[in-house]
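Each chain, letter by letter, is given below.
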Amino acid sequence: MLQRTRREFVGMSLAAPLAAIGLSVASRFSFAAELSGTTLRIATWGGSWRDSINKNVVSDLISSGVNVEYVLGNPEDNLAKLIAASRQGQVPFDAMEGFPHITNPMAKAGLIEKLNYDNLPNTKAAPKWARSEYEVVSVFTEDGVVYNVDKFKEAGIEPPTHYTDLTNPKLKGRVAFPDIGNAQHWNAVVGLAYESGGDEAHMDGAVKLVNEISPSYFFSASTELATRFGSGDIWAAPWHAGWASRLKRSGVPVSVGYTSFGDRRAAIWQVPDYVVTNSPNVAAAEAFINDLLAPENQFEHGRATGTIPVISQARIKLKDDPISKELLLLDDADLENIFQIDWNKLDEKAWRETWSREIHR
């Protein structure tokens, strides 16, 4: 798995000026019109994420007569659908949004195509780390502990700065934890490993700490957790700042406590995008990915979902949005000091077995 240095993240600021990158509106509409009458199937998350994709990314395609359909689920669920369909000689969708740790296995299995960057002109403004043979990273999330500010104040609990702060007895019955199928699981358990003196290669301490936290429940669907935050049932959870942004826009009094990973602060989770092998609509899939990287779409999608655009000017523009500025780490210095998992060290199969065998529910 390719590792990106923090200085490469800061390198986003070297991209071309906003007005100079990306296809013009007229060009995008012209290209989209050529696809009129085709059906584009996108495998992605549901809820507010899907709504933002539909409103802020594919609107030009839809306006030009492209029929857009969604296959909803987290990437591991959608990967299972892809594998099952491929065994039957079928292609269930054309484009897919994924997880960092499934890209290489999917490529080796021949499930995703090498990307033709000649058909993805908007990616030229993205940093080099975001572009590889089989994936383009469109946005990334920033992980920490999302918490209910009012409930913490009422209970006399300090804002969290470590995942181990969730062991506070005052939080008993009020903490949720990401199950292994949820993207935020990985940064949370690696963070706990670091806090117990370990790292990606030494995860044993995380088991003890998760059991000490004794979560009220383990969440797979973030949409369900958002509902339970809104009702006041859950006060805190390892989660990404995007959900804090979405909840705060709806009136829920939340904030984010960014946790430490050694001498790093907060953790990123990348969202890669793929073209599926044998898709009958490669051109439409490429148009979708290209539009994901259009600067204005990056800004609107980032603001709606609380994610961080890879196009630097879109990220900088988020500083003008009060909630994004309050909750998200947008400065170069913060991004240079952010943590990312070293997947070469983490034995994913072994951890899955440990999680299934040793976590108390």
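Relevant structure appears above.
Reading the values: the criteria
Position numbers for residues start from 1 in each chain and track the written sequence from start to end. Only residues with pLDDT of 70 or above have their local features reported here, since the model is predicted, and side-chain atom pairs are shown and tallied only from 80 upward, although totals for entire chains, interfaces and linings are computed over all residues. Calculation of side-chain values draws on the structure's entire complement of heavy atoms; hydrogens and water are dropped beforehand. Here a strand is any run of E in DSSP of at least two residues, a helix any run of H or I of at least four, and the numbering for each starts at the N terminus. Each radius of gyration reported is based on C-alpha atoms, and the globular scaling rule is 2.2 Å times the count of residues to the power 0.38. The classification of residues rests on relative accessible area computed with a 1.4 Å probe and restricted to protein chains. Under 20% of the type maximum is buried, over 50% is exposed, and intermediate values are partly exposed. Contacts are assigned to residue pairs that have any heavy atoms within 4.5 Å of one another. His residues and chain termini do not enter the charge count, which takes Lys and Arg as positive and Asp and Glu as negative. One atom stands in for each charge, and that atom is NZ of Lys, CZ of Arg, CG of Asp or CD of Glu. The arc refers to the directions leading from the helix axis to the C-beta atoms. When DSSP locates at least two bridges between a pair of strands, those strands are taken to pair. Within 3.5 Å is the distance limit for a polar contact, defined as a pair of N or O atoms, with the added protein rule that one can donate a hydrogen and the other accept it, and that residues adjacent in sequence qualify only through two side-chain atoms. Any carboxyl oxygen of Asp or Glu that lies within 4 Å of a side-chain nitrogen of Lys or Arg is treated as forming a salt bridge with it. Think of a 1 Å grid over just the protein atoms. A cavity is a set of points where a 1.4 Å probe fits yet cannot get out, a pocket is an open set with protein on both sides within 12 Å along at least five of seven lines, and lining residues have an atom within 4 Å of a point. Grid points are joined across faces, edges and corners, and a volume is the space filled by probe spheres set on the points. For this classification, the nonpolar set comprises Ala, Val, Leu, Ile, Met, Phe, Trp, Tyr, Cys and Pro, the charged set comprises Asp, Glu, Lys and Arg, and every other residue, Gly included, is treated as polar. Every angle, taken between N-to-C directions, lies between 0 and 180 degrees, and every axis is a line fitted to C-alpha atoms, over only the stretch in contact when it is a helix. Here the word oblique covers every angle except those under 35 degrees (roughly parallel), over 145 (roughly antiparallel) and from 65 to 115 (roughly perpendicular). Here, the term nonpolar core denotes a set of buried Ala, Val, Leu, Ile, Met, Phe, Trp, Tyr and Cys residues that are joined through side-chain atoms within 4.5 Å.

S.K.: Describe the overall build of the chain, with residues and values.
M.R.: From N to C terminus, the chain includes 17 helices and 12 strands. Relative to the compact-globule value of 21 Å for 361 residues, the chain shows a C-alpha radius of gyration of 20 Å, a close match. When each of the 361 residues of the chain is scored for burial, the buried share is 55%. Partitioning the contacts of the chain with sequence separation of at least 6, the portion at a separation of at least 24 is 74%. Separation of charge centres in the chain, based on 36 positive and 45 negative side chains, amounts to 2 Å.

S.K.: Any details on helix α17 (residues 348-358)? Residues and values, ideally.
M.R.: Looking only at α17, the buried set comprises W351, T354 and W355. In a view along the axis of α17, the buried residues occupy a sector of 100°, so they form one face of it. Opposite the packed face of α17, turned more than 90 degrees from it, sit the exposed residues K349, S356 and R357. Turning to α17, the residues buried within the fold contact β5 (176-178), α8 (184-195), α9 (204-213) and β6 (217-219).

S.K.: Quick one: what's the story with the pairing of strand β8 (residues 254-257), residue by residue and with numbers?
M.R.: Judged by which residues are buried, β8 turns out to be covered on both faces: V254 and V256 on one side and S255 and G257 on the other are all buried. Where strand β4 (residues 136-148) lies against β8, four bridges are found, and the strand directions are antiparallel. Bridged to N148 within β8 is V254.

S.K.: How would you summarise the environment of T307 if you had to cite specific residues and measurements?
M.R.: Mapped onto the secondary structure, T307 falls in the loop between α13 (295-305) and β12 (308-309). Take T307: its relative accessible area is 0%, and that puts it in the buried class. Taking the C-alpha atoms as reference, T307 lies 9.0 Å from S245; in sequence the two are 62 residues apart. Once residues lying within four places of it in the same chain are set aside, the contact partners of T307 are W49, V139, F140, T141, H301, G302, L318 and L328. Looking at T307, its side chain comes within polar contact range of the side chain of T305, at 2.8 Å.

S.K.: Could you give an account of the environment of N67, naming the residues involved and the relevant values?
M.R.: With respect to the helices and strands, the residue N67 is situated in strand β2 (residues 67-72). Look past the residues within four positions of N67 in its chain and what remains in contact with it is T38, T39 and L40. At a separation of 3.5 Å, a polar atom in the side chain of N67 contacts the side chain of T39. At a separation of 3.3 Å, a polar atom in the side chain of N67 contacts the side chain of E69.

S.K.: Any details on the pattern of salt bridges? Residues and values, ideally.
M.R.: Inspection of every chain in the model, using the stated rule, returns 17 salt bridges. Between E76 and R352 there is a salt bridge, with its nearest N and O atoms 2.6 Å apart. Placement of the pair is E76 in helix α5 (residues 75-87) and R352 in helix α17, with a sequence separation of 276 residues. The partner of D179 in a salt bridge is R361, and the shortest N-O contact between them spans 2.8 Å. With a gap of 182 residues between them, D179 in the loop between β5 and α8 and R361 in the segment after α17 connect regions that are remote in the sequence. Since its relative accessible area comes to 63%, R361 is described here as exposed. One salt-bridge network, in which partners are shared between bridges, spans E76, E348 and R352.

S.K.: Give me the layout of surface pockets: which residues, what numbers.
M.R.: Each pocket or cavity is described by its volume, and for the largest pocket that value is around 390 Å³. As for the largest pocket, its lining consists of 22 residues, and the residues nearest its centre are W45, N74, N182, S222 and W243. Counting only elements with at least two residues in the lining of the largest pocket, the list comes to α3 (47-57), α10 (222-230), α11 (241-249) and β11 (267-275). Partitioned by chemical class, the residues of the lining of the largest pocket number eight nonpolar, 12 polar and two charged.

S.K.: Describe the packing of α8 against α9, naming the residues involved and giving the relevant values.
M.R.: Each packed pair of helices is defined by two parameters, the angle between the axes and the distance between the axes. At a closest axis distance of 8 Å, the pairing of α8 and α9 adopts a crossing angle of 105°. Here α8 is positioned roughly perpendicular relative to α9, judged by the angle of their axes. Along its contact with α8, which presents V189, L192 and A193, the element α9 presents A206, L209, V210 and I213.

S.K.: How would you explain the nonpolar core if you had to name every residue and give the values?
M.R.: One finds L40, V58, L225, F229, W239, F288 and V310 to be the most contacted residues of the largest nonpolar core, which totals 64 residues. If we ignore the near neighbours within four places in the chain, the residues touching F229 are V146, Y147, N148, I234, W235, A236, A237, W239, L247, V252 and V254. With 49 residues, the next largest nonpolar core counts L82, I102, A267 and L346 among its residues.

S.K.: How would you summarise the environment of N344 if you had to cite specific residues and measurements?
M.R.: Looking at the secondary structure, you find N344 in the loop between α16 (332-336) and α17. C-alpha separation for the pair N344 and P178, spaced 166 residues apart in sequence, amounts to 22 Å.

Such coordinate-based values are descriptive only and should not be taken to indicate function.
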